[in-house]
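Now for the letters of each chain:
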Amino acid sequence: MPNDLHLPAPLAFVLTGGTARASAQVGMLESLTTHGVTPDLVVASSTGSINAATFCSDPSFGTETLTAMWSTLANDKTLSSTWRKAVRSVTSSQFNKTGDLLRKYVQGAVGHAQFDELEIPLHIVATDLESGSAVRLTRGSVVDAVVASCAFPAIIPPVSIDDHLLIDGSVATDAPIRQAIEAGAKSVIVLDSAASHITEETATAAGWISVMGYSLGHMVRGLAASELVDTASEIPILVISSTAGAPLNIKESPHNIEVGQQAANTVIAAHRARRWRRPLKPGVYGAPHGYAADPRIARLMH
């Protein structure tokens with residue numbers, strides 16, 4: 001669809017993971033749609049698939065549904081405690097309970113939608129447990145695909161789809177830009193909620209669960225950086241990043257949404273102010289937090 005950011009069509013929104021921090025993507029989506037920027041397709045991995053599925057099912061009201069859902073999640077002591085219990089004590093009962101709760105919330109947002117019923121084409125990425133490779137899901141039950149993409153080991157059990165036993169998409173790729181290109185995208189906007197940034201004070205005071213969450217975030221970030229380097233030489237990629245919230249703190253979701261919207265507003269305003277010539281060249285645009293120090297990415301930034 002046409003946009004005044006000079007991003008060639010087809011334009012894909014790529015939503016990363018980030019566990020509880022993925023709530024920031026709701027604010028990013030609200031900002032983008034308010035500014036008239038709409039995607040031709042959406043590709044998502046891990047927690048980002050929850051937001052992507054809801055948005056694609058009803059772009060006009062998707063962000064309202066998501067805001068309400070994340071607000072409910074923030075006040076749901078059952079889910080928050082179950083998530084942490086699953087991490088503290090890996091048992092089959094906690095394992096299955098967390099997956100069932102996630103399925104309930106996603107089904108409440110998108111119903112029993114099939115991929116071919118969505119208003120915007122959606123591609124959800126999960127990881128094949130046997131091979132470790134990324135699997136792009138584009139047919140069948142949207143809810144099953146979302147749960148598979150969010151099936152982080154020790155928290156949610158693997159999901160079987162089309163002879164694949166699938167786990168969290170971020171294990172293979174947290175920023176599925178390559179999958180967006182394979183789906184036909186000529187430009188991408190990355191809604192990045194996986195940026196890890198903590199102060200020394202926070203790091204010192206963090207419990208082991210938080211330390212694990214931040215550590216995994218840094219590992220995933222390294223994979224995303226390589227993905228960005230691998231693809232930015234082919235197409236223009238606009239990155240909107242948020243570092244709001246802690247990985248396992250769902251209570252911060254309403255604040256994360258506000259921060260995500262502010263981040264997107266800032267990136268869009270700055271991008272428009274530069275008056276780019278058409279069409280944009282391949283490279284990295286926007287405000288990719290935590291990437292600029294990487295010399296590989298610095299050479300690709302505009």
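It should be noted that the structure appears before, not after, this text.
Criteria and cut-off values
- Residues numbered from 1 in each chain as written.
- Predicted model: local features only at pLDDT ≥ 70, side-chain atom pairs only at ≥ 80, totals over all residues.
- Heavy atoms only, no water.
- Salt bridge = Lys/Arg side-chain N within 4 Å of Asp/Glu carboxyl O.
- Helix = DSSP H or I, 4+ residues; strand = E, 2+ residues; numbered from the N terminus.
- Buried < 20%, exposed > 50% of the residue type's maximum accessible area, 1.4 Å probe, protein only.
- Polar contact = N/O pair within 3.5 Å; in protein donor to acceptor, adjacent residues only side chain to side chain.
- Pairing = 2+ DSSP bridges.
- Phe/Tyr/Trp six-rings, centres within 6.5 Å; stacked < 30°, edge-to-face > 60°.
- Lys NZ or Arg CZ within 6 Å of the ring centre and 35° of its normal.
- Core = buried A, V, L, I, M, F, W, Y, C linked by side-chain atoms within 4.5 Å.
- Contact = heavy atoms within 4.5 Å.

S.K.: So what exactly am I meant to see when it comes to the pattern of salt bridges here?
M.R.: Pairing between side chains of opposite charge can happen when the charged atoms of each approach one another. If you walk through the whole model with that rule in mind, you get five salt bridges. The residue Arg 272 makes a salt bridge to Asp 4 at a minimum N-O spacing of 3.0 Å. Residue Arg 272 is found in helix α10 (residues 253–273), and its partner Asp 4 is found in the segment before β1 (11–15); the two are separated by 268 residues along the sequence. Take Arg 272: its relative accessible area is 29%, and that puts it in the partly exposed class. The class of Asp 4 is partly exposed, set by a relative accessible area of 41%. Glu 234 is paired through a salt bridge with Arg 178; the nearest N and O atoms lie 2.6 Å apart. In this pair, Glu 234 is assigned in the loop between α9 (208–231) and β8 (236–241) and Arg 178 in helix α7 (residues 177–182), connecting sequence segments 56 residues apart. Under the relative-accessibility criterion, Glu 234 is labelled partly exposed at 38%. When salt bridges with common partners are traced through the structure, they connect Arg 178, Asp 230 and Glu 234 into a single cluster.

S.K.: I tried to follow the side chain of Ser 241 on my own but got confused; where do I start?
M.R.: Position of Ser 241 relative to the elements: it lies in strand β8. Side chain to side chain, Ser 241 and Asp 192 meet in a polar contact 2.6 Å long.

S.K.: Quick question: what am I supposed to make of the pairing of strand β6 (residues 164–167) here?
M.R.: Across a regular strand the side chains alternate sides, sitting on one face of the sheet and then on the other. Note that strand β3 (residues 122–128) and β6 share two bridges and pair antiparallel. Bridge pairing links Thr 127 to Ile 167 in β6. As paired strands, strand β5 (residues 159–161) and β6 are joined by three bridges and run antiparallel to one another. Across the sheet, Ser 160 pairs through a bridge with Leu 165, a residue of β6. With antiparallel pairing between neighbouring strands as the criterion, β5 and β6 make up a hairpin whose turn holds two residues, including Asp 162 at a positive phi of roughly 50 degrees.

S.K.: Looking at this structure, how should I read the pairing of strand β2 (residues 41–45)?
M.R.: Of all five residues in β2, five are buried; the element is thus mostly enclosed. Here β2 shows no split at all, with Leu 41, Val 43 and Ser 45 on one side and Val 42 and Ala 44 on the other all buried. Of the pairings in the sheet, the one linking β1 to β2 comprises four bridges and is parallel in character. Within β2, the residue paired with Val 14 across the bridge is Val 43.

S.K.: Which parts of the structure should I look at to understand the packing of aromatic side chains?
M.R.: Each pair of aromatic rings is reported with the distance of its centres and the angle of its planes. On inspection of all chains with the given rule, the structure shows one aromatic pair. Centre to centre, the rings of Phe 13 and Phe 55 are 6.4 Å apart; their planes meet at 25 degrees, and the pair counts as stacked. Here Phe 13, found in strand β1, pairs with Phe 55, found in helix α2 (residues 48–57); they are 42 residues apart in sequence, far enough to count as distant. As far as burial versus exposure is concerned, Phe 13 and Phe 55 are alike and both buried. Above the ring of Tyr 105, the side-chain terminus of Lys 104 is found at 4.9 Å from the ring centroid.

S.K.: What is the right way to look at the nonpolar core in this model?
M.R.: Soluble globular proteins tend to pack their nonpolar side chains together in the buried interior. Residues Phe 13, Val 42, Leu 122, Val 142 and Ile 189 are the most contacted members of the largest nonpolar core, which totals 64 residues. When residues of this core are assigned to their parent elements, the largest contribution, six residues, is made by helix α6 (residues 142–149). Not counting residues up to four positions away in its chain, the partners in contact with Leu 122 are Val 42, Ala 52, Ala 53, Cys 56, Phe 115, Leu 137, Thr 138 and Val 142. In terms of nonpolar packing, the next biggest core, distinct from the first, is built from 22 residues, Ala 225, Leu 228, Ala 232 and Leu 300 among them.

S.K.: Help me out: how do you make sense of unusual backbone geometry in this one?
M.R.: Across residues other than glycine, the phi torsion is negative in most instances, and most of the peptide bonds are trans. The linkage connecting Ala 9 with the following residue, Pro 10, adopts the cis geometry, with an omega of 0 degrees. Within the fold, Pro 10 resides in the segment before β1. In this structure, Asp 162 is a non-glycine residue whose phi angle is positive, near 50 degrees. Mapping Asp 162 onto the fold places it in the loop between β5 and β6.

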